[in-house]
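Spelled out from the first residue to the last, the chains are:
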Amino acid sequence: MNGTMKAIVKHHRGPGAELQDVAIPSISEDEVLIRVKATSICGTDVHIYNWDEWSESRVKPPYVFGHEFAGEIVEVGEKVHTYNIGDYVSAETHIICGHCPQCLTGKFHICENTQIIGVDTQGCFAEYVALPASNLWKNPKDMPTDIASIQEPMGNAVHTVLNGDVAGKSVAVIGCGPIGLMAVGVAKAAGASQVLAFDLNDYRLELAKEMGATTTVNSGKEDPVDIAKSLTDGHGVDVVCEMSGHPVAMDQGFKMITNGGRVSILSLPTKRVSLDVTNDIVFKGVEVQGITGRKMYETWQQVSRLLQSKQVDVKPMITHHLKLEEFAQGFELMNEGKCGKVVLHP
């Protein structure tokens, strides 16, 4: 397809981004071209927009960023036989090599040569995006585009929560950004006996209640460790899902975990974190997991089924719909913490 499209471009090595007219991407024989119907803003996009130390070391402007979307296929490469024009799709954002030791043993989500759409390659904050057909996920025809666009980050929440047993257990979610909010809903749907949500933002704690949290705690006003232990007969919670990346909050997570509990860390701290490894991890026999991406494609199946069955309702945390041209407002809302998920519509 020839012509130009509107896209949000990370135009320089500094804060901000620009709406530009750029060429519609061409596709290779194993790719498809997708007309983007909805694309949502992720915490990673905020890092890139703000231009922090991580983004400075990772991304290479100028390029189109963004990686969460839903859309319709409008062109297919000549070697693509599993998808057709008109198919309604989203995409796994990790492009893998297929030949590293991790890929060869089925651990595709930790491929050592992973490239991430919209981070290492051209992204989807645009009217069109070109992607390998092998990364696509076909959506149910009746799934709203805004919900379909957030399956990728919901996969992060599902992977974090369900990477161990939670049925009948107490679960603490530390950090109630969009993925933390989805983690609350997933933990509740998976049968957690208690879901404790911790944040400094009262607006997001209210959203956590709507997503199913049994207890919400403003960690700036109350002691999170004391609250967690008081609700578990002094033992501590069974599972901690760390979504904040804040050094103090992470330390509190290890102090509130019970002996033999599980701490699953999805967050990306931008600074070194000081922990009492001896007393809070080793002597307590704690299982610590680093979570990245989604299991391909087990997690995608779980996400799709949780949404289709309505066991997890994500509508309360999709708080803002904006035109692509209004992206700056969306990033402002994210930076101020005055939103759940922000969805852009090209």
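The rules behind each value
Residues numbered from 1 in each chain as written. Predicted model: local features only at pLDDT ≥ 70, side-chain atom pairs only at ≥ 80, totals over all residues. Heavy atoms only, no water. Helix = DSSP H or I, 4+ residues; strand = E, 2+ residues; numbered from the N terminus. Contact = heavy atoms within 4.5 Å. UniProt positions renumbered as here; feature names shortened; annotations may be inferred. Buried < 20%, exposed > 50% of the residue type's maximum accessible area, 1.4 Å probe, protein only. Pairing = 2+ DSSP bridges. Axes fitted to C-alpha atoms, helices over the stretch in contact; angles between N-to-C directions. Lys, Arg positive; Asp, Glu negative; His and termini not counted. Salt bridge = Lys/Arg side-chain N within 4 Å of Asp/Glu carboxyl O. Polar contact = N/O pair within 3.5 Å; in protein donor to acceptor, adjacent residues only side chain to side chain. Domains from an automatic or database assignment. Buried area = accessible area lost by both parts, 1.4 Å probe. Nonpolar A, V, L, I, M, F, W, Y, C, P; charged D, E, K, R; others polar. Core = buried A, V, L, I, M, F, W, Y, C linked by side-chain atoms within 4.5 Å.

Colleague: What exactly am I supposed to notice about the environment of V343 here?
Modeller: One can find V343 in strand 18 (residues 341-345). Setting aside anything within four residues of it in sequence, one finds V343 in contact with A38, T39, S40, D146, S149, I318, H320, H321 and L322.

Colleague: Teacher, can you tell me more about the UniProt feature "binding site: NAD(+)" (unreviewed entry) in the protein here?
Modeller: Using the residue numbers shown here, the UniProt feature "binding site: NAD(+)" (unreviewed entry) corresponds to I179, D199, R204, L266, S267, L268, I291 and T292. Spanning 114 residues, the named residues do not form one spatial group; their C-alpha atoms are separated by as much as 23.4 Å. Note that L268 resides in the loop between strand 15 (257-265) and helix 10 (277-282). With a relative accessible area of 58%, L268 lands in the exposed category. Inspection of the secondary structure puts I291 in the loop between strand 16 (287-290) and helix 11 (298-308). Judged by relative accessible area, I291 falls into the buried class, the value being 7%.

Colleague: Can you walk me through the environment of G340 in this structure?
Modeller: For G340, the location among the structural elements is in the loop between helix 12 (327-336) and strand 18. G340 sits 164 residues away from C176 along the chain, and the two C-alpha atoms are 8.8 Å apart. Excluding residues within four positions of it along the chain, G340 makes contact with P178, L181, Y203, R204, L207, M317, T319 and M334.

Colleague: Just checking my understanding: could you explain the sheet that holds strand 14 (residues 237-242) for this structure?
Modeller: Sheets are built from strands that pair by backbone hydrogen bonding, the pairs being arranged parallel or antiparallel. Spatially, six strands are ordered 13-12-11-14-15-16 in an open sheet, and the strand pairing comes out parallel. The open sheet terminates on both sides in strands that have one partner only, identified here as strand 13 (215-218) and strand 16. Across the sheet, the mean angle from the axis of one strand to that of its neighbour is 15 degrees, orientation sign disregarded. Bridge count between strand 15 and strand 16: four bridges; the pairing is parallel. Within the sheet, the bridge partner assigned to V263 lies in strand 16 and is V288.

Colleague: Whenever I open this one, the UniProt feature "active site" (unreviewed entry) in the protein confuses me. Can you help?
Modeller: With numbering aligned to this structure, UniProt lists the feature "active site" (unreviewed entry) at T44 and H47. If you trace the backbone, T44 turns up in helix 1 (residues 43-50). Excluding residues that lie within four positions of it along the chain, T44 makes contacts with W54, H67 and V119. Along the chain, the position of H47 falls in helix 1. Not counting chain neighbours up to four residues away, the residues in contact with H47 comprise D52, W54, S55 and T270.

Colleague: Hey, could you run me through helix 5 (residues 151-161) in this one?
Modeller: For an α-helix, 3.6 residues make a turn, and residues three or four places apart therefore share a direction. Across the 11 residues that make up helix 5, a large majority, 11, are buried. Within helix 5, burial applies to Q151, E152, P153, M154, G155, N156, A157, V158, H159, T160 and V161.

Colleague: Hey, could you run me through the side chain of D199 in this one?
Modeller: Assignment of secondary structure puts D199 in strand 12 (residues 194-199). For the buried D199, no salt bridge exists, and the shortest N-O distance to an oppositely charged side chain is 5.7 Å, to R204. Of the polar contacts made by the side chain of D199, one reaches the backbone nitrogen of C176; its length is 2.6 Å.

Colleague: What should I look at first to understand the domain arrangement of the protein in this one?
Modeller: Interface size is commonly expressed as the accessible area that is lost once the parts come together. You can read the domains of the protein as domain 1 (4-154 + 294-344) and domain 2 (164-290). Between the C-alpha centres of domain 1 and domain 2 the distance comes to 27 Å. Taken together, the 21 residues of domain 1 in the interface contact 14 residues of domain 2. Summed over both partners, the interface of domain 1 with domain 2 buries about 1400 Å², with 71% contributed by carbon and sulfur atoms. At the junction of domain 1 with domain 2, the criterion picks out zero salt bridges. Of all elements in the fold, only helix 5, strand 17 (318-323) and helix 12 reach the threshold of two or more residues within the side of domain 1 that touches domain 2. Its residues assigned to classes, the side of domain 1 that touches domain 2 shows 10 nonpolar, six polar and five charged.

Colleague: Any chance you could explain the sheet that holds strand 2 (residues 18-23) here in plain terms?
Modeller: A sheet is described by the order of its strands in space; here three strands give the open sequence 2-1-4, paired in antiparallel fashion. With one partner strand each, in any of the chains shown, strand 2 and strand 4 (63-64) form the two edges of the open sheet.

Colleague: Would you mind going over the nonpolar core with me for this structure?
Modeller: One broad rule of soluble globular proteins: the nonpolar side chains tend to lie buried together. Of all hydrophobic cores here, the largest spans 43 residues; its most connected members are M154, V171, M182, V314 and M317. Listing elements by their share of this core, those giving two or more residues are helix 4 (145-149), helix 5, strand 11 (170-174), helix 6 (178-189), strand 12, helix 7 (202-210), strand 14 and helix 11. The element contributing the most residues to this core is helix 6, with seven residues. Residue-level mapping places this core at the junction of two domains, with at least three residues from each of domain 1 (4-154 + 294-344) and domain 2 (164-290). Sequence-distant contacts of M317, defined by excluding residues within four places in its chain, comprise I150, P178, L181, M182, M211, G340 and K341.

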